[in-house]
Every structure is written in structure tokens, then in C-alpha cells.
Amino acid sequence: MDTAAFRELLTPEGQELLGEIGVAGADERTLPAMVSRLRARHPADLVGAALTQARLRERGRAKFGADADRMYFTPQGLEQATRASVARHRARRFADRLPAGGRVLDLGCGIGGDLLARARTGVGGLGVELDPLTAEVARANLHAFGVAELADVHCGDATAQDTGGYAAVFADPGRRTSRGRVFDPDAYLPPLGTVLDLAGRVPGACVKVAPGIPHEAVPPGAEAEWISDGGEVKEAALWLGELAGGTPRRATLLRQDREPATLAADPALGPPPVAGWRRYLYEPDGAVVRAHLVAEAAALIDGALADPRIAYITSDVLRATPFARPYEILEVLPFGVKRVRAALRAQKAGTLTIMKRGFAGDVDRLRRDLRTDGPEARVLVLTRVGDAPTALICRTP
């Protein structure tokens, strides 16, 4: 799909065609007959563009829910777009902290997910996107949700923008190349240093980064926030200037139909205590681990670490917390396939969930070797204490 074909989708004929296709374009069984029928009444390029959008909208529901049925995408733009729940979370901070009428310069806006989320909270701005087609798609998304008066999109080089007059910058540097994901911040497009220089020219800024960003790459004075959604770490962001909070690190857990839960670094806490296994094992959320906030999570449940290098917390207290999931420890034993299999059979284990941290074994092969077929559900945790591989047989309390 090129820019001209996409623009045709926005015409009355294109909109009628999109409505006719709906989600049926993703059904491979009826696709040949549909294509033949539509091409008899519409240009082939327009039919192809509409079918592409129908398929992308189907895929887009995983990130955007029902909004995907009104949005426009490119394949790469959908892949790199911020999940809607995360974009809404960030947009609330912009809306809460920017002065009334403060505008945001969005560098590398992609299909406009964050730009759209901010505009829907009343925060206007300008998105800048290098790829002409992606810029057209972002602009169409603003029109689709009736916020084009608040925000617009410009096709251009993010690094060449004048930041004057903007209250904040949002930047989402590219972290993918033809060879795959990029983990080195200096290899972002544009590099993180360049983005931070642009961000430093405005009162506040937010830079989207990879969850695996080294902590030493976080600039002084910034707040680094790791975000998980549904228990999975989705991304991280650096908040700068007037948008930064009073903590260097934060883990935020997005929860459906509930307010986000957030855990901030406590400078008064030292490393978590180390102790032997207690009654419960807690698995911290991935955002807590990425943010180096295991000590803060352990303090909430009177917990300790069995090994100072492994992010499993153990405690005698069963206490509800969104930041770690508890398991009741039934047995702790040195790892060995025969030994673990015998222990699982003694407990009549059947449905088996296997978790590991600091353990190098092949989980799929181990599952086949254990051959559990009993009536009880069990959780097998594979880890190490010191240099000793250790297995814990647990259940959900």
C-alpha cells in the first residue's frame, strides 16, 4: 500500500468499501470470492488497500481493543505502536502536569497512538514522522476520532524540529532494524543521546525506551518508569524535567477496570534481607524486577530473598499485593529429575506449571520427563541458592 492508495481509502468510495469488507477480509476461506466480487465494482488497488486495512484492524484489536475498528495502520506502525492502555496511562500524566493549553511535540509519532491518546485527554500537539505513508495514517487516525483540531502530523525529520513554543516533548526512537530489535540506546534511531538533547530544550519530556535499558543509561534527574499490563512488561519510559516525579525508579502495573498500581524506589531501604525458604514464595511482577524494586516489594510482605541474586521473595506472611504473586511452598529439594518426579508423584501432581529463574535447564524436556498425571495442580519452581540448583513444589494459596 502506497500513500496514494491509502488516500483513496479516505474517499467516500474507500469508506464504503471498508464498511463492506468489515472484518470479513481476515477470513481466508471467503477471501477469493470476496476479492473477485469487489474488483468487479472497485479499482484493484483500492480493494487491496481495503483488505490490508481489514486485516490490520483485526490484528490491532490486541493493542487497541474496539478502537482498532476505526483506526488505520501500516504493518510496521502497528508492530511498533504503543498499546492503548499504556498510551492512556502516559496521557494522563501529560494532562495532569502540563499547564493549560500546553502543547506536546511528538517526535517519531508513528501511526499516532500516543498523539491520539493525549489529544483525547485534551492535550494538543504536533506529531512528526519521517515516513510519508505513516504520517498520512497518523493524521487519518486523528480525524477518525474527531481530535484533528487539537493535534496534527507533519512529515519530516524528528531531529531537525524547532522545539520552541512547546511545553513538552514526547519521543519514541526506533528500536528495530532489518536485523531485529535494538537494545543498545546508542543504536536507537535517532540515538538516545540525540533525543535527550532535544528533550532538554523544553520544560518537560517523556522518552519511550526498551524495557531492558541499562540503568546506567538513565540520565541524572530522570524518572525511569517500567510498565506492565496484564502481568507482562510492555515498555519503559524516561520522564524528564517538569514531567518527572520525585523518584528515580518506578514500576507501574496496569490493571483492567482498576486504577494502576505503582511502586516507587525508597532511598531509605537497603538490599533486601537474605533468609532460608519460608512458608510462601512470591514472584515479583516483571516491572518490579526491571525497576530494581525487589527490596521495596519484599518490605511490603515482610519478605527476604533466599539468594541475593535471584528475584524470588520468601515470607511467612500471606498478604495481598499487586506487585508479587504468592505461592505456598509444600516442599524444597535439591534439583534432580528422578527426585523431583518422585516428589510430584507423592503429591499426586497432575496439572503442572513450571517457573524458573536462575535455572538453565530445558523446561519442555523436563516436563516430558516428569510425566505428571495425578489430580492435583502444582507449581514447580526451578531456581538456585548459591550454586545449588533447587526445586520448590508449590500450590496457589
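All values reported here derive from a predicted model rather than from experimental measurement.

Visitor: What is the right way to read the environment of Gly-102 from this model?
Guide: When you line up the elements, Gly-102 lands in the loop between α6 (84–97) and β1 (104–107). Considering only alpha carbons, one finds Gly-102 and Arg-384, 282 residues apart in sequence, at a separation of 52 Å. Those residues within four positions of Gly-102 in sequence are excluded, and the remaining contacts are Val-123, Gly-124 and Ala-167.

Visitor: I tried to follow the sheet that holds strand β16 (residues 349–356) on my own but got confused; where do I start?
Guide: Neighbouring strands of a sheet are bound in pairs by backbone hydrogen bonds; such pairs are parallel or else antiparallel. As summarised here, the arrangement of the seven strands in space is β13-β14-β12-β15-β18-β17-β16, forming an open sheet in which the pairing is mixed. The open sheet is flanked by β13 (304–305) and β16, the only strands paired with a single partner. Bridge count between β13 and strand β14 (residues 313–315): two bridges; the pairing is antiparallel. What sits directly across from Ala-304, in β14, is Thr-314. Its contacts with the sheet place helix α12 (residues 337–346) against β15 (324–334), β16, β17 (376–385) and β18 (388–395), and it is angled at close to 115 degrees to β15. Most of the contacts of helix α13 (residues 363–370) go to β16, to which it runs at about 155 degrees, and overall it touches β16 and β17.

Visitor: Could you clarify how one ought to interpret the packing of helix α2 (residues 12–21) against helix α4 (residues 44–64) in this entry?
Guide: The relative placement of two packed helices comes down to the angle between their axes together with the axis-to-axis distance. As a packed pair, α2 and α4 sit with axes 10 Å apart at the nearest point and diverge in direction by 50 degrees. If you check the angle between α2 and α4, you find them oblique. Pair α2 / α4 crosses with right-handed handedness. Where α2 approaches α4, its residues Glu-13, Gly-14, Leu-17, Leu-18 and Ile-21 are matched on the opposing element by Leu-46, Val-47, Ala-50, Leu-51, Gln-53, Ala-54 and Arg-57. Class assignment for the residues of the contact of α2 with α4 results in eight nonpolar, two polar and two charged.

Visitor: How should the nonpolar core be read in this particular structure?
Guide: For soluble globular proteins, nonpolar side chains are generally found buried alongside one another. In terms of nonpolar packing, the biggest core is built from 47 residues, with Leu-107, Val-207, Val-209, Leu-238 and Ile-313 touching the most fellow members. For this core, the element with the most residues is helix α9 (residues 192–199), which contributes four residues. Those residues in contact with Val-209 that lie beyond four places of it in its chain are Arg-175, Tyr-188, Leu-192, Glu-235, Ala-236, Ala-237 and Leu-238. Formed by 39 residues, the second largest nonpolar core is a distinct cluster that contains Phe-6, Ala-54, Phe-73 and Ala-140.

Visitor: Mind showing me how you'd approach the sheet that holds strand β8 (residues 223–229) here?
Guide: What the nine strands build is an open sheet, ordered β3-β2-β1-β4-β7-β9-β8-β10-β11; its pairing is mixed. The sheet terminates laterally at β3 (151–155) and β11 (258–264), the two strands that pair on one side only. Within the sheet, the average angular offset between the axes of one strand and its neighbour, ignoring direction, is 20 degrees. In this sheet, β11 lies alongside strand β10 (residues 249–255) in antiparallel orientation, the contact comprising five bridges. Within the sheet, the bridge partner assigned to Arg-250 lies in β11 and is Ala-264. Strands β1, β4 (168–171), β7 (204–209) and β9 (232–241) of the sheet are contacted by α9, whose axis makes an angle of about 160 degrees with β7.

Visitor: Would you mind going over the packing of aromatic side chains with me for this structure?
Guide: Two aromatic rings are characterised by how far apart their centres lie and by the angle between their planes. Inspection of every chain in the model, using the stated rule, returns five aromatic pairs. Their ring planes at 45 degrees and their centres at 5.7 Å tell us that Phe-64 and Phe-73 sit as a pair that is tilted. What makes Phe-64 buried here is its relative accessible area of 9%. Clustering of aromatic rings is evident, with ring pairs tying together Phe-94, Phe-170 and Trp-239.

Visitor: Hey, could you run me through the packing of α6 against helix α7 (residues 113–120) in this one?
Guide: Taken N-terminus to C-terminus, the directions of α6 and α7 make an angle of 50 degrees; their axes are 8 Å apart at the nearest point. With respect to their mutual orientation, α6 and α7 come out oblique. By crossing handedness, the relation of α6 to α7 is classed as right-handed. Across the interface between the two elements, Ala-87, Arg-88, Arg-90, Ala-91 and Phe-94 from α6 touch Gly-113, Asp-114, Ala-117 and Arg-118 from α7. A per-class count over the contact of α6 with α7 returns four nonpolar, one polar and four charged.

Visitor: Even after reading the chapter, I still don't get the pattern of salt bridges, so can you show me in this structure?
Guide: If the charged atoms of two oppositely charged side chains come close together, the side chains can form a pair. According to the stated counting rule, one finds 21 salt bridges in the structure shown. Among the salt bridges present, the one from Asp-106 reaches Arg-118, with a minimum N-O distance of 2.7 Å. Taken together, the positions of Asp-106 in strand β1 and Arg-118 in helix α7 put the pair 12 residues apart, joining distant regions of the chain. What makes Asp-106 buried here is its relative accessible area of 1%. With a closest N to O distance of 2.7 Å, Asp-197 and Arg-201 form a salt bridge. Look at Arg-201 and you get partly exposed, because its relative accessible area is 49%. What you see here is one network of salt bridges that share partners, running through Arg-90, Asp-114, Asp-172, Arg-175, Lys-208 and Glu-235.

Thresholds applied
Residues numbered from 1 in each chain as written. Predicted model: local features only at pLDDT ≥ 70, side-chain atom pairs only at ≥ 80, totals over all residues. Heavy atoms only, no water. Helix = DSSP H or I, 4+ residues; strand = E, 2+ residues; numbered from the N terminus. Contact = heavy atoms within 4.5 Å. Pairing = 2+ DSSP bridges. Axes fitted to C-alpha atoms, helices over the stretch in contact; angles between N-to-C directions. Parallel < 35°, antiparallel > 145°, perpendicular 65-115°, else oblique. Left-handed = near helix turned anticlockwise from the far one by under 90°. Nonpolar A, V, L, I, M, F, W, Y, C, P; charged D, E, K, R; others polar. Core = buried A, V, L, I, M, F, W, Y, C linked by side-chain atoms within 4.5 Å. Buried < 20%, exposed > 50% of the residue type's maximum accessible area, 1.4 Å probe, protein only. Phe/Tyr/Trp six-rings, centres within 6.5 Å; stacked < 30°, edge-to-face > 60°. Salt bridge = Lys/Arg side-chain N within 4 Å of Asp/Glu carboxyl O.

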